[in-house]
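Take a look at the letters that make up each chain.
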Amino acid sequence: MQEVIDTDQKICFKSQGGWLENAGIIGLIRILDAEDVSIENNSLYVKKKALNYFAEKYFEFFIKIYGGQTRVARIIDFKVKIEEWQNIDENKADPEIIYNQLDNWYKNCLKYYIASGSFKKISSLFPPDFDSTLALKDCSKDLQKLKKLKKDNQGFNEILQQLIPKLQQFIDYFSVSKVKKYFMAKTLSYIVINNAWSGISFLNPQTKTADLYQDYEDAFVKPAIEYLKADHEKDVYRCATCGRPIKKQEYSYSFLNGLGYDTNRKTSNAWLFNNDQFMCPLCHLMYSAVSAGFNYDNRHQGIFINQNQDIELLKNANNKIILEMKRAVEKEQIISPWRAFALSFQEMFAKSSSYTLADIQVVSYQNEQYRFNLVPKKIASVLKKSSEKPFSNRQRTVTLLSILNSAYIKNFQGQSSLQIYDAMLKRLLVSANLNSLISDILQMKIVRHQDLHVTVEQIYNLIRINLIYFKEMSNLVLTDEELRKMRGSGKNLGDGYANTNKRQTLAYRLLQALKIQNNDQFMNVLLDAYLYQKKLVPKNFIQKMNSPEEFNQLGYAFIAGLIPNDNKNEEEK
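In this text the structure is predicted, and so the values were computed from the model without any measurement. (Residues numbered from 1 in each chain as written. Predicted model: local features only at pLDDT ≥ 70, side-chain atom pairs only at ≥ 80, totals over all residues. Heavy atoms only, no water.)

(A) Looking closely at the environment of P337. Here P337 lies in helix α14 (residues 337-351). Overall, the relative accessible area of 0% leaves P337 in the buried class. Residues P337 and Q301 lie 36 residues apart in sequence; the distance between their C-alpha atoms is 7.3 Å. Not counting residues within four places of it along the chain, the set of residues in contact with P337 comprises N295, D297, Q301, G302, I303, I321 and M325. (Helix = DSSP H or I, 4+ residues; strand = E, 2+ residues; numbered from the N terminus. Buried < 20%, exposed > 50% of the residue type's maximum accessible area, 1.4 Å probe, protein only. Contact = heavy atoms within 4.5 Å.)

This is the structure in structure tokens:
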């Protein structure tokens, strides 16, 4: 490790307001100890001595925030379950439950990870004192025996107690501090760090250095230290980010993902085929911290709030998001940067009636691309009002936003899981209404789609958020009370059908009429249904015939009331 000269001096990273530089600056703040950094308006000052052991601090941050999401953590944490089984009363134990828990963990965590390239690479640095391949085969044989003994409590427990020490040796191996941090760092380099940059250092598939800590040190930290020690009086080039003098054009922007500039493949992007966009080693180090400045989930999605009035506000806004995501991991909840974004600002809403998200730049990362939104004032107001509307739901106080936490659709439009909260928020941030989302969910609910995990109550509250949106964006005068009564009217009409299939068919036909914006067809179907039951049609529908959007919202509320409850899908989480 090279020592830094003049350790009392500081390095200045000045924010120009750009989201990428700001994400790198926030990353540095998160990585380094509080005593090593100071903030003055739009500048971050880092003590030069903070570069000592920077690689250790770099990976330590990712392990602290994201380590709980790794398979290594799940392997180690299974120790609690194993200790519970060691003292289990075989007469009270349920072999079926134990086997399912054990088999799931073994296949999806232990066996999967031992077979991975990450294990092979890192275990070459820290070889276990047992033959992992042979030990794994032995465990697999015991699991096969357990599968056949699920009806024999005594025989099952005997094999279980025989298997536990074999599994424990794997857990003990991964629990060793130095081993654990290397395995976690390796995993996180693929699920978090590589979201922002790739292709060099330990993220270069052809790297010959198995020690990723050393690889990062050599690629980012040592060049920064050498730069600080060197004399730059005769340097002829300038860093394109900060303007510092540089001796040679060595570090390009091509290692950063999603920026559309790859100097190795497309030199024609540059003037006269000559790239002149290069950075100094200090900015190179800063950009490597962009991964730490963004707030990611485990599905390669991330969010960054570029609240660029000053660095202190920037830091606080993003720290609230990452704190919410960390809480979700600890509570074993669904991890969503979008939900964390909304939750983090609810605290601000509660503290100050004047606080607004308006004009804040939201940078999101998904599908290996960055997207940019400025939160309009009216959308900020929609989120604020939605987070302020509490109501009781099975002895719990929830809001229009929080009730959507558990709502999701499996295998939807190419996604393994679509979180309704995320889908709702993404639409609002581009000032779009929720009509298509509500319509899709209602249709899946009507046909009882097995991949839909959304309750009727959640659908109705999504409609209420949509109403808030339209009232903010237009002169819509429809009230929440009118929406509630219309839902009641739908329920009342639905209860008049002894045959559930007829109720579903009616809901489907009404929804199709709304989809094609044919109010006359909607009313014809509705009139037939009310005539059949000899009831009066709600007058609101007739009154709103010439107000398409109000008619739509009333129609969605009516259909939400008409849909029969499916107890399987109506469980609240």
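(B) Looking closely at the pattern of salt bridges. Summed over the entire model, instances satisfying the criterion amount to 16 salt bridges. A salt bridge links E312 to K315; its shortest N-O distance comes to 3.0 Å. Residue E312 and its partner K315 are both found in helix α13 (residues 311-330); the two are separated by three residues, about one turn of the helix. Looking at E312, the relative accessible area reads 34%, which means it is partly exposed. For K315, a relative accessible area of 19% puts it in the buried group. (Salt bridge = Lys/Arg side-chain N within 4 Å of Asp/Glu carboxyl O.)

(C) Layout of empty space enclosed by the protein. Applying the stated criterion to the full structure yields three cavities of 30 Å³ or more. Empty space within the largest cavity amounts to approximately 50 Å³. For the lining of the largest cavity, the secondary structure elements donating two or more residues are α5 (95-114) and α8 (153-175). Ranked by the residues each element gives to the lining of the largest cavity, the list is headed by α8, at four residues. Within the lining of the largest cavity, the residues separate by chemical class into six nonpolar, two polar and one charged. (1 Å grid on protein atoms, 1.4 Å probe; cavity = no way out; pocket = protein on both sides within 12 Å on 5 of 7 lines; lining within 4 Å. Points joined across faces, edges and corners; volume = space filled by probe spheres on them. Nonpolar A, V, L, I, M, F, W, Y, C, P; charged D, E, K, R; others polar.)

(D) Spatial organisation of the sheet that holds strand β10 (residues 361-366). As summarised here, the arrangement of the four strands in space is β8-β9-β10-β11, forming an open sheet in which the pairing is antiparallel. Looking at strand neighbours, the two that pair on one side only are β8 (295-296) and β11 (369-374), the edges of this open sheet. With two bridges connecting them, β8 and strand β9 (residues 302-306) associate as antiparallel partners. By the bridge assignment, Y296 is partnered in β9 with G302. Contacts from helix α1 (residues 19-31) reach β8, β9, β10 and β11 within the one sheet, and its direction differs from that of β9 by about 100 degrees. (Pairing = 2+ DSSP bridges. Axes fitted to C-alpha atoms, helices over the stretch in contact; angles between N-to-C directions.)

(E) Up close: the nonpolar core. The biggest cluster of nonpolar side chains holds 108 residues, and the ones touching the most others in it are F174, W197 and Y216. The dominant element in this core, judged by the number of residues it contributes, is α8, at 10 residues. Residues within four places of W197 in sequence aside, it is in contact with Y58, F202, L203, Y216, F220, F255, L256, N257, Y287, S288 and S291. I360, L425, L467 and F541 belong to the second largest nonpolar core, which has 82 residues in total. (Core = buried A, V, L, I, M, F, W, Y, C linked by side-chain atoms within 4.5 Å.)

(F) Summary view of the sheet that holds strand β1 (residues 10-14). Reading across from one edge, β1-β3-β2 is the order of the three strands in this open sheet, with antiparallel pairing throughout. Only two strands of the sheet have a single neighbouring strand rather than two, namely β1 and β2 (37-40). The average angle at which neighbouring strand axes cross in this sheet is 25 degrees, direction not considered. The pairing of β1 with strand β3 (residues 43-47) spans five bridges and is classified as antiparallel. Bridge pairing in β3 links C12 to Y45.

(G) Representation of helix α23 (residues 548-562) in the model. With 15 residues, α23 ought to run about 21 Å at 1.5 Å a step, and its terminal C-alpha atoms sit 21 Å apart, in line with that. For α23, the tally of buried residues reaches 13 of 15 residues, placing the bulk of the element in the interior. (Expected span 1.5 Å × (residues − 1).)

(H) Structural detail: the packing of helix α18 (residues 456-473) against α23. With their axes 9 Å apart at the nearest point, α18 and α23 run at an angle of 170 degrees to one another. Taken together, the axis directions place α18 and α23 in an arrangement best described as roughly antiparallel. Packed against α18, whose contacting residues are V456, Y460, I463, N466 and F470, the element α23 presents E549, Q553, Y556, A557 and A560 at the interface. Tallied by class, residues from the contact of α18 with α23 come to seven nonpolar, two polar and one charged. (Parallel < 35°, antiparallel > 145°, perpendicular 65-115°, else oblique.)

(I) Looking closely at the side chain of N373. Relative to the elements of secondary structure, N373 occurs in strand β11. Exposure remark for N373: the relative accessible area of 14% places this residue in the buried category. If we skip the residues at most four places from it in the chain, N373 touches I360, Q361, V362, L429 and V430.

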